[in-house]
Amino acid sequence: KEVKKGDEVQIGCVVRNSVGTYVALGADLFTYRLICKNGAIAKGQDLGSIAVRHIGHKDNMLLAFGKGIETIIARTAKLVKYYKKSTEMTVDQRIAEEWAKRIPQRALPQQIEVDTKSGKVVLTGKPNLWDSFNDITANAWKDQNQGENMKTNAGFLTKYHITQHAHKVLIGAVDGTLGKASSSSSKK
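Residues numbered from 1 in each chain as written. Predicted model: local features only at pLDDT ≥ 70, side-chain atom pairs only at ≥ 80, totals over all residues. Heavy atoms only, no water.

A closer look at the environment of Lys142
Relative to the elements of secondary structure, Lys142 occurs in the loop between α4 (129-141) and α5 (156-175). Distance from Lys142 to Asn38, taken between C-alpha atoms, is 7.8 Å for residues 104 residues apart in sequence. (Helix = DSSP H or I, 4+ residues; strand = E, 2+ residues; numbered from the N terminus.)

Structural notes on α5
In this model, α5 (20 residues) spans 28 Å end to end at C-alpha, consistent with the 28 Å of a helix rising 1.5 Å per residue. Once α5 ends, the next one or two residues include Gly176, with phi positive near 80 degrees. (Expected span 1.5 Å × (residues − 1).)

Description of the side chain of Thr163
Following the sequence through the fold, Thr163 ends up in helix α5. For Thr163, a relative accessible area of 0% corresponds to the buried category. If we skip the residues at most four places from it in the chain, Thr163 touches Gly39, Ala40, Ile41, Thr137, Ala140 and Trp141. (Buried < 20%, exposed > 50% of the residue type's maximum accessible area, 1.4 Å probe, protein only. Contact = heavy atoms within 4.5 Å.)

Considerations on the pairing of strand β2 (residues 7-16)
Looking at chain direction, strand β1 (residues 2-4) and β2 are connected through two bridges and run antiparallel. Its bridge partner lying in β2, Lys4 is registered against Asp7. Between β1 and β2, which pair antiparallel in sequence order, lie two residues; one of them, Gly6, sits at a positive phi of approximately 80 degrees. The sheet contact formed by β2 and strand β3 (residues 25-33) spans eight bridges and is antiparallel. Across the sheet, Cys13 pairs through a bridge with Leu29, a residue of β3. (Pairing = 2+ DSSP bridges.)

What about the nonpolar core?
In terms of nonpolar packing, the biggest core is built from 40 residues, with Tyr83 and Trp99 touching the most fellow members. For this core, the element with the highest residue contribution is α5, accounting for seven residues. Residues within four places of Trp99 in sequence aside, it is in contact with Val91, Leu108, Ile112, Leu129, Ser132, Phe133, Ile136, His165, Ala166, Val169 and Leu170. (Core = buried A, V, L, I, M, F, W, Y, C linked by side-chain atoms within 4.5 Å.)

With respect to the packing of α4 against α5
Interaxial distance between α4 and α5 falls to 9 Å at its minimum, and their mutual angle equals 175 degrees. Considering the angle they form, α4 stands roughly antiparallel to α5. Counted together, Leu129, Phe133, Ile136, Thr137, Ala140 and Trp141 of α4 and Phe156, Lys159, Ile162, Thr163, Ala166, His167, Leu170, Ala173 and Val174 of α5 form the full contact between these two elements. Classifying every residue of the contact of α4 with α5 gives eleven nonpolar, three polar and one charged. (Axes fitted to C-alpha atoms, helices over the stretch in contact; angles between N-to-C directions. Parallel < 35°, antiparallel > 145°, perpendicular 65-115°, else oblique. Nonpolar A, V, L, I, M, F, W, Y, C, P; charged D, E, K, R; others polar.)

Considering the packing of aromatic side chains
Scanning the model with the defined rule gives three aromatic pairs in all. A centroid spacing of 5.7 Å and a plane angle of 45 degrees characterise the contact between Tyr83 and Phe133, whose relative ring orientation is tilted. Of this pair, Tyr83 sits in helix α2 (residues 76-86) while Phe133 sits in helix α4, and the two are 50 residues apart along the sequence. A residue is classified by how much of its surface remains accessible, and Tyr83, at 0% relative accessible area, is buried. Residue Phe133 is classed as buried on the basis of its relative accessible area, which comes to 1%. Between Trp130 and Phe133, the ring centres sit 5.9 Å apart and the planes meet at 20 degrees, which makes this aromatic pair stacked. You can see Trp130 and its partner Phe133 sitting in helix α4, three residues apart, about one turn around the helix. Take Trp130 and Phe133: they sit in the same class, and that class is buried. Among the aromatic residues, those joined into a cluster by ring pairs are Tyr83, Trp130 and Phe133. (Phe/Tyr/Trp six-rings, centres within 6.5 Å; stacked < 30°, edge-to-face > 60°.)

As structure tokens, then:
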């Protein structure tokens, strides 16, 4: 799907499960930006995330999982709409602060700095929301050991949480619900 001219994302899903019963069989929407080869996980029921508990007959579980995957794929257009709208927006102080709440400094865009002593979030300039979101995904996914000029070498769960929170803030900013007590990507 094209987000803006020359900037496309491929859409898929990340499947999760466990041998035990502590992680449900599930899947979350995943985007892969072709221009920079960054991935981003988008989790939330309104985006099609699914979770199938390890109870009942396996055939029923697989049927529910298959229907869930169809739901995820059907909702991809909604996420692309958020991406497209974000290309027309700038990062403001509120967005910077929300990202800084759960994203480590090393993964934040360079225009967002957190004072280690005071915790104050400093935003320099007026960076584009889409570009800043992609700075976060780049910083989360690129591996320093592979010659990439990025700031982190995080494990998958860290990348998952960083990109999930980056999506939550981007969606809240686009919807105008960012920072409101009832806002979350799964409550709309």
